[in-house]
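# Structural overview for review
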Amino acid sequence: FRRVLFRSTLTAGWVDSQESDYTSRGFSLTGSWSTESNNTTFTAGASTVHDRVDVSSIGATQESKDTDTVMVGVTQVLSPRDIVQFNLSRAEGKGFFSDPYKFRDNRPGHRQQDVAMLRWNHHFPSLDGTSRLSYRYYEDTFGVIAHTMDLEWVQQLPHGRSEEHTSEL
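The paragraphs below set out a description of the structure included in this document.

## Quick look at the overall build of the chain
The helix and strand tally for the chain stands at 0 helices and 10 strands. Counting helices and strands in the order they occur from the N terminus, the chain gives β-β-β-β-β-β-β-β-β-β. A compact globule built from 169 residues should have a C-alpha radius of gyration of about 15 Å, whereas the chain, at 20 Å, is more than 25% larger. Viewed in the frame of its principal axes, the chain has a C-alpha envelope of about 60 × 35 × 35 Å. Within the chain, the proportion of its 169 residues that are buried is 22%. In the chain, the share of contacts with a sequence separation of at least 24, taken over all contacts with a separation of at least 6, comes to 37%. Accessible area for the chain stands at about 11500 Å²; split by element, carbon and sulfur atoms hold 55% of it. Counting 17 positive and 22 negative side-chain charges, the chain places the averaged centre of each group 3 Å from the other.

Structure, rendered in structure tokens:
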């Protein structure tokens, strides 16, 4: 569901995924607000997900976990060819994080995840293409720290089609 209002949007989502041994259900709500010039957009969102694992076929009991996430961000038009975006998010999860199919996999029952993401898009009119560069920093209470850089090229093709090439560094 997406509702566009005067210089703002409201988006609600629902996820329902079922497998033989795993069920995931969640809800999200995101809002964005643009300045009068439409050159700056502020975004805030929240989601909640409830997961349930049932591996009684291998002798384990049913377990569940709940994860709540909040996100804030800002997108800024720098020029007719450049846009930058910065987002921060935090997820808090409680419950069963272990992998029931791994022997002696006993993870803590709480997990906090923090993500910072910076993106820059630049359009090259002479090539009718756009570069998209992004950097993502991830850290969680399980001791994982990750840095991800993506470089993409989007090329306009004849008749309004486009082609994307992605490279993860």
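## Brief notes about a nonpolar patch on the surface
Together, Val 72, Phe 86, Leu 88, Leu 118, Trp 120, Leu 133, Tyr 135, Met 149 and Leu 151 give the surface a local cluster of nonpolar side chains, amounting to about 760 Å² of exposed area. Mapped by element, the contributors of at least two residues to the nonpolar patch are strand 6 (82-95), strand 7 (110-124), strand 8 (129-140) and strand 9 (145-156). Mapping Trp 120 onto the fold places it in strand 7.

## Re the layout of surface pockets
Roughly 160 Å³ of volume is contained in the largest pocket. Lining the largest pocket are 15 residues, and of these Tyr 22, Val 53, Phe 96, Ser 98 and Pro 100 sit closest to its centre. Broken down by secondary-structure element, the contributors of at least two residues to the lining of the largest pocket are strand 4 (40-54) and strand 5 (62-79). A class-by-class count of the residues in the lining of the largest pocket yields 6 nonpolar, 2 polar and 7 charged.

## What about the pairing of strand 2 (residues 8-18)?
Sheet faces and side chains relate simply in a regular strand, where the side chains alternate between the two faces. Direction of pairing for strand 1 (residues 2-5) relative to strand 2: antiparallel, over a ladder of 4 bridges. Each bridged residue has a counterpart across the sheet, and for Arg 3 the counterpart in strand 2 is Leu 10. Here strand 1 folds back onto strand 2 in antiparallel fashion, the turn holding 2 residues, of which Arg 7 has a positive phi close to 55°. Between strand 2 and the antiparallel strand that follows it, strand 3 (residues 22-34), lie 3 residues.

Reading the values: the criteria
Residues numbered from 1 in each chain as written. Predicted model: local features only at pLDDT ≥ 70, side-chain atom pairs only at ≥ 80, totals over all residues. Heavy atoms only, no water. Helix = DSSP H or I, 4+ residues; strand = E, 2+ residues; numbered from the N terminus. Rg over C-alpha atoms; globule rule 2.2 N^0.38 Å. Buried < 20%, exposed > 50% of the residue type's maximum accessible area, 1.4 Å probe, protein only. Contact = heavy atoms within 4.5 Å. Areas by Shrake-Rupley, 256 points an atom, 1.4 Å probe, with all protein chains shown as cover. Lys, Arg positive; Asp, Glu negative; His and termini not counted. Charge placed at Lys NZ, Arg CZ, Asp CG, Glu CD. Patch = residues over 30% accessible without salt bridge, like charges linked within 9 Å, V, L, I, M, F, W, Y side chains within 5 Å. Salt bridge = Lys/Arg side-chain N within 4 Å of Asp/Glu carboxyl O. 1 Å grid on protein atoms, 1.4 Å probe; cavity = no way out; pocket = protein on both sides within 12 Å on 5 of 7 lines; lining within 4 Å. Points joined across faces, edges and corners; volume = space filled by probe spheres on them. Nonpolar A, V, L, I, M, F, W, Y, C, P; charged D, E, K, R; others polar. Pairing = 2+ DSSP bridges.

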